[in-house]
Amino acid sequence: MPVYALPNAAAMKETVAMLFGEDAKVTPGKPLDTKASSGNLIAIYIDDDDKPVAALLCDIPFAANGGCALSMMPVGAAKDAIKTKKLEQTMLDNLYEVMNILSTLLMDERTPHLKLATLYPDLGKLPADAKVALSTMKGHADFIINVPRYGVGGLSLLVI
Amino acid sequence: MKILIVDDSSAMRMIVRRTLREAGYGHLEVLQAGDGNQALDVVRKDPPDLIFSDWNMPNKSGLEFLEALKEEGYKIPFGFVTTEATAEMRAKATQAGAKFLISKPFTVETFTKVLEAYIK
């Protein structure tokens, strides 16, 4: 039984609608690859003892589409980032905020507190303790998020 | 009419602004602050007519900000927009003088219902 909560699609939809608008759509997805070569990004969450306890993986399309949507950057900027696999700093800053808000989905009245520690644009740069913690995170929920005007991307939530 | 949005997340401040627009209140003047101390400075310089504040913030929480407003004699309608929406927190908010508590994630309809009482 995971220590932290995992959202269902309905709960994810409520939060995503708040972030990106009522037309945002959520459907079940497949687990995202945690290998460094995958190009996926990862947010690591820590408990009050600074121990990594949860992670949120996203693919580059989600990072670009979600990162652009939050401050209404041009759609073309998101498309370019997906094509070149290079995210502008503003997109990463916005994605950090998205990951921060999504942390609420990992907690409920029964779980310990956690908070976003770091967003790693490169899975290869994950510190050793986070890598070890990631290997122990057996609870997961996986989604495909359709960000209105921008496009789809994948999101995987992982908890110990 | 002036509204003050207080949240340490710039994304949340953007989302609240967008939600106000979508609720039909885009014409209102919006002030912003990143924590309770900044918010108090904003109020002293340019008092708003309504305040939306997060609960947990560095450098003075939303609750501490509300207490400070009362101590300084301000009577501005104040509400929380927060993930802290347990019955205990709602009771604390009401006891402190908050007029409403909007829990995250919220919808445009949630905002509309609350705002109709305060915005003309």
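The structure reproduced in this document is the subject of the present report. Because the structure is predicted, anything quoted here is derived from the model rather than measured.

### Let's talk about the environment of Ala128 of chain A
Residue and element names in this part refer to chain A.
At step 1: Examined against the element boundaries, Ala128 turns out to sit in helix H5 (residues 128–136).
At step 2: On the accessibility criterion, Ala128 (58% relative accessible area) is exposed.
At step 3: Linking Ala128 and Leu57, residues 71 residues apart in sequence, is a C-alpha distance of 17 Å.

### Remarks on the interface of chain A and chain B
As a measure of interface size, the accessible area lost when the parts come together is often cited.
At step 1: Contact with chain A, which involves 15 residues of that partner, is made by 14 residues of chain B.
At step 2: Here chain A and chain B share an interface that buries about 1100 Å² over both sides, 66% of which is from carbon and sulfur atoms.
At step 3: Remark: the boundary between chain A and chain B carries zero salt bridges.
At step 4: Run the count over chain A and chain B and you get four residue pairs in polar contact (both at pLDDT 80 or more).
At step 5: Listing elements by their share of the side of chain A that touches chain B, those giving two or more residues are helix H1 (9–20) and helix H4 (89–102) of chain A.
At step 6: In terms of residues, the side of chain A that touches chain B owes the most to one element, H1 of chain A, which gives six residues.
At step 7: Across the side of chain A that touches chain B, the residue classes break down as seven nonpolar, five polar and three charged.

### A short note on helix H2 (residues 60–70) of chain A
Residue and element names in this part refer to chain A.
At step 1: Across the eleven residues of H2, ten count as buried, placing the element largely inside the fold.
At step 2: At the N-terminal boundary of H2, the capping side chain belongs to Asp59, with an oxygen 2.9 Å from the backbone nitrogen of Phe62.
At step 3: Met72 sits one or two residues past H2 and shows a positive phi near 50 degrees.

### Some remarks on H5 of chain A
Residue and element names in this part refer to chain A.
At step 1: For H5, every residue scored as buried is listed here: Ala130, Ala133 and Leu134. Buried residues of H5, seen end-on, are gathered within an arc of 105 degrees and therefore sit on one face of the element. Opposite the buried face of H5, by more than 90 degrees, sit the exposed residues Ala128 and Val132.
At step 2: Its buried side turned inward, H5 meets strand E2 (41–47), strand E3 (52–58) and strand E6 (151–159).

### Observations regarding the sheet that holds strand E1 (residues 2–6) of chain B
Sheet strands pair via backbone hydrogen bonds, and the direction of the pair is either parallel or antiparallel.
Residues and elements named next belong to chain B.
At step 1: Read from one edge to the other, the open sheet built from five strands follows the order E2-E1-E3-E4-E5, with strand pairing classed as parallel. Whereas interior strands pair on both sides, the edge strands pair on one side only; in this sheet they are strand E2 (29–33) and strand E5 (100–103). Averaged over all pairs of adjacent strands, the angle between strand axes in this sheet comes to 20 degrees, irrespective of strand direction.
At step 2: In this fold helix H5 (residues 108–115) packs onto strand E3 (50–53), strand E4 (78–82) and E5, with an angle of close to 175 degrees to the strand it touches most, E5.

### Section: the sheet that holds E2 of chain A
Residue and element names in this part refer to chain A.
At step 1: Taken in spatial order, the six strands line up as E1-E5-E6-E3-E2-E4 in an open sheet, and their pairing is antiparallel. Lying at the two open borders of the sheet, with one neighbouring strand each, are strand E1 (25–28) and strand E4 (114–120). Across the sheet, the axes of successive neighbouring strands diverge by a mean angle of 25 degrees, strand direction being ignored.
At step 2: Where E3 and E6 come together, five bridges link them in antiparallel fashion. If you follow Ala55 over to E6, its bridge partner there is Leu158.
At step 3: Across the face of the sheet, H2 comes into contact with E2, E3, strand E5 (139–147) and E6 while running at roughly 105 degrees to E6.

### Quick look at the packing of helix H3 (residues 62–71) of chain B against helix H4 (residues 87–96) of chain B
Residue and element names in this part refer to chain B.
At step 1: Look at H3 against H4: their axes get within 10 Å of each other, and the N-to-C directions meet at 15 degrees. Classified by the angle between their axes, H3 and H4 sit roughly parallel to one another. Judged by the twist between their axes, the crossing of H3 over H4 is left-handed. Residue-level contacts link Leu63, Leu66, Glu67 and Lys70 of H3 to Lys92, Gln95 and Ala96 of H4.
At step 2: Classifying every residue of the contact of H3 with H4 gives three nonpolar, one polar and three charged.

### Section: the pairing of E6 of chain A
All names here are of chain A.
At step 1: Burial analysis of E6 places eight of its nine residues in the buried class, which makes it a mostly covered element.
At step 2: As paired elements, E5 and E6 share nine bridges and run antiparallel to each other. Looking at the pairing, His140 lines up with Leu158 of E6.

So, how was this worked out
Residues numbered from 1 in each chain as written. Chains lettered and ligands numbered in written order. Predicted model: local features only at pLDDT ≥ 70, side-chain atom pairs only at ≥ 80, totals over all residues. Heavy atoms only, no water. Helix = DSSP H or I, 4+ residues; strand = E, 2+ residues; numbered from the N terminus. Buried < 20%, exposed > 50% of the residue type's maximum accessible area, 1.4 Å probe, protein only. Contact = heavy atoms within 4.5 Å. Buried area = accessible area lost by both parts, 1.4 Å probe. Salt bridge = Lys/Arg side-chain N within 4 Å of Asp/Glu carboxyl O. Polar contact = N/O pair within 3.5 Å; in protein donor to acceptor, adjacent residues only side chain to side chain. Nonpolar A, V, L, I, M, F, W, Y, C, P; charged D, E, K, R; others polar. Arc of directions from axis to C-beta. Pairing = 2+ DSSP bridges. Axes fitted to C-alpha atoms, helices over the stretch in contact; angles between N-to-C directions. Parallel < 35°, antiparallel > 145°, perpendicular 65-115°, else oblique. Left-handed = near helix turned anticlockwise from the far one by under 90°.

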